[in-house]
Amino acid sequence: MLGEKKPIIICRCNDVTIEDIINAVETGIDDFEVLRKYLKIGFGPCQGRSCLLLAARIFAKLTGRRIEEVISEYRVRPPIVPIPARVLLAGVIE
Amino acid sequence: MRIIVIGGGISGLFIAYELLKRGIRDIIVIEEKYLSAGGSGRNIGCFRSSFTSPEHVILMKRSIELWLNYRSELGLELKQSGYLWIARKPETLEIFEKLSVFHRNYGIPTRVLSIDEVEHVQPGLNKDIIAGALFDPTAGRMPIFENLVKLYLKLKTLGVIFHFYTKAIRLNSSGYRVKSAITSKGEIYGDIFIVSAGGKGTRELLATVNIEFPVIDETRHPIITEPYAEILKPALIIDWDTPGAPYVTQTEHGGIIFARNIADIPEALLTSHRIDVIGLTIKPIIELLPILKYVNILRYWIGYYETTPDHHPIYGPIYPYENLYVAAGFSGHGLMMGPITGLLIADWVLNGKPSIPIAENLTLERFKIGKLVKEIAIVG
Ligand SMILES: Cc1cc2nc3c(=O)[nH]c(=O)nc-3n(C[C@H](O)[C@H](O)[C@H](O)COP(=O)(O)OP(=O)(O)OC[C@H]3O[C@@H](n4cnc5c(N)ncnc54)[C@H](O)[C@@H]3O)c2cc1C
Ligand code: FES
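Novice: Account for helix α3 (residues 92–105) of chain B, with residues named and values stated.
Specialist: An ideal rise of 1.5 Å per residue puts 20 Å on 14 residues; α3(B) measures up with 20 Å between its terminal C-alpha atoms. Turning to α3(B), its buried residues are Thr92(B), Leu93(B), Phe96(B), Leu99(B), Ser100(B), Phe102(B) and His103(B).

Dropping the structure here:
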């Protein structure tokens, strides 16, 4: 509807909105890594390529920190892009 | 009285919570990184009491009762959807029968299932390669970080002080009393010190007061898929007859987690890569549940099983010190033990002994006198 506020999605893979982040910070989450794990920001199929910096910037602003202070533990893990299990089965030698 | 807890994982949090409930107000938790940066944030969130030693069975059964109470007391979430151990070999069912008798003696209603019964618990299993199963309906799983955060926020509101990104580098003692912890951010004084710093963390810190702590962090590599609607009915399915006991669980968010005990360099770096573990881990599980060959593998991560020589935790006072206690070395079961860990350590600190006598078998002394815990069967 016209005039109705639409949710602003920050992490598209896991449907995390800016409100989710604000609420989490308001309830007392004071560490970006904890926030990330709690809301699963960056744990979707893109592993944070589209959301991580955005989320980190919002969190840094809300908590009065610099963005490079809040991103400390983030890692992209293999296999980097999702791969069908049946493909990974090929060539398994015990 | 000021109590210093070193380690901000599930053990440290529940120790702080139990001490608070018994009237201690001055509690400081020191954590090297962020909340639950260790095993507590790297596990797969499952619980059961159907173990193979009286110590584990009795303590885990009580721990699950406490978890269930904490649903209303702390708003935690968990679901008892059961554990299913699959037997490929017919002779394994005899072991399952014995285990089930053992469990029932302690009031845990596990039962052996025929192939057809197994299908009711988990549709889609490959019946051609299965002989039957053992089912524990009281086991289950939980959303880990949601629960950890709820507990943490509660502790903060109740006045527990947390020092994150603060490493305890060594303990400073005088005679048989620990006076302070020297940390990366300065010296912290206290009356009682409790070390719940996981495997390697506990070992290294206790070495600074000349205590040998027999634990080694074994590297594990769980693998998670993209989220799916519910595929797995029980909390956990375990392939008993395949080496490394491969297992699979589905999280509340929908991701399917595969894992298997595959030998790796102990205490390998969290960033080290073992891409070959993916195929090795998913293969036996997909044999059992072929529909899983269609899932997309998203990522794997590294965590450690903080393993002791008898695969049981080390609890209680550290002799000859008067004010030093430990809770570590859970050998891959420390999440589910969280509530009982808190209860037992608070007992030791405030009453000098545990309220559940069998916990006395789990002190560090057992390695000195050679009384290791015995299990009736070893899985995997
Ligand atoms: C793949 C995998 C699956 C698992 N699955 C399950 C399961 O389904 N169910 C279950 O019950 N358990 C499971 N576990 C085991 C469980 O995760 C651990 O046993 C449990 O988290 C241990 O909790 P803890 O609080 O004792 O230790 P940790 O969570 O490791 O906490 C110790 C903390 O101490 C900190 N620390 C270390 N050294 C210092 C220092 N010097 N100063 C300050 N802080 C320090 C660390 O940063 C860490 O945060 C699993 C483990 C893995 C790896
Ligand atoms: S958008 Fe957040 S993980 Fe992909």
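Novice: For the nonpolar core, give the residues involved together with the corresponding values.
Specialist: All names here are of chain B. Counting 106 residues, the largest nonpolar core has Leu 59, Ile 194 and Tyr 315 as the members making the most contacts within it. Here the element with the most residues in this core is helix α8 (residues 334–351); it accounts for 10 residues. Counting residues in each nonpolar core, the second largest holds 30 residues, with Ile 86, Leu 125, Ile 231 and Leu 270 among its members.

Novice: With reference to specific residues and values, describe the interface of chain B and chain A.
Specialist: The interface is formed by 36 residues belonging to chain B together with 32 residues belonging to chain A. Summed over both partners, the interface of chain B with chain A comes to about 3200 Å²; 61% of that surface belongs to carbon and sulfur atoms. Looking at the side of chain B facing chain A, the largest losses of area belong to Tyr34(B), Leu298(B) and Arg299(B), adding up to 20% of the total buried there. The interface formed by chain B and chain A includes two salt bridges. With a closest N to O distance of 3.1 Å, Glu146(B) and Lys40(A) form a salt bridge. Remark: the boundary between chain B and chain A carries 14 residue pairs in polar contact (both at pLDDT 80 or more). Elements represented by at least two residues in the side of chain B that touches chain A include exactly α5 (144–157), α7 (276–288) and β18 (296–300) of chain B. Tallied by class, the residues present in the side of chain B that touches chain A amount to 21 nonpolar, six polar and nine charged. Here two bridges tie strand β3 (residues 83–84) of chain A to β18(B), and the two strands are oriented antiparallel to one another. Looking across to β18(B), one finds that Ile83(A) is bridged to Ile297(B).

Here is what the cut-offs are and how they apply
Residues numbered from 1 in each chain as written. Chains lettered and ligands numbered in written order. Predicted model: local features only at pLDDT ≥ 70, side-chain atom pairs only at ≥ 80, totals over all residues. Heavy atoms only, no water. Helix = DSSP H or I, 4+ residues; strand = E, 2+ residues; numbered from the N terminus. Expected span 1.5 Å × (residues − 1). Buried < 20%, exposed > 50% of the residue type's maximum accessible area, 1.4 Å probe, protein only. Core = buried A, V, L, I, M, F, W, Y, C linked by side-chain atoms within 4.5 Å. Contact = heavy atoms within 4.5 Å. Buried area = accessible area lost by both parts, 1.4 Å probe. Salt bridge = Lys/Arg side-chain N within 4 Å of Asp/Glu carboxyl O. Polar contact = N/O pair within 3.5 Å; in protein donor to acceptor, adjacent residues only side chain to side chain. Nonpolar A, V, L, I, M, F, W, Y, C, P; charged D, E, K, R; others polar. Pairing = 2+ DSSP bridges.

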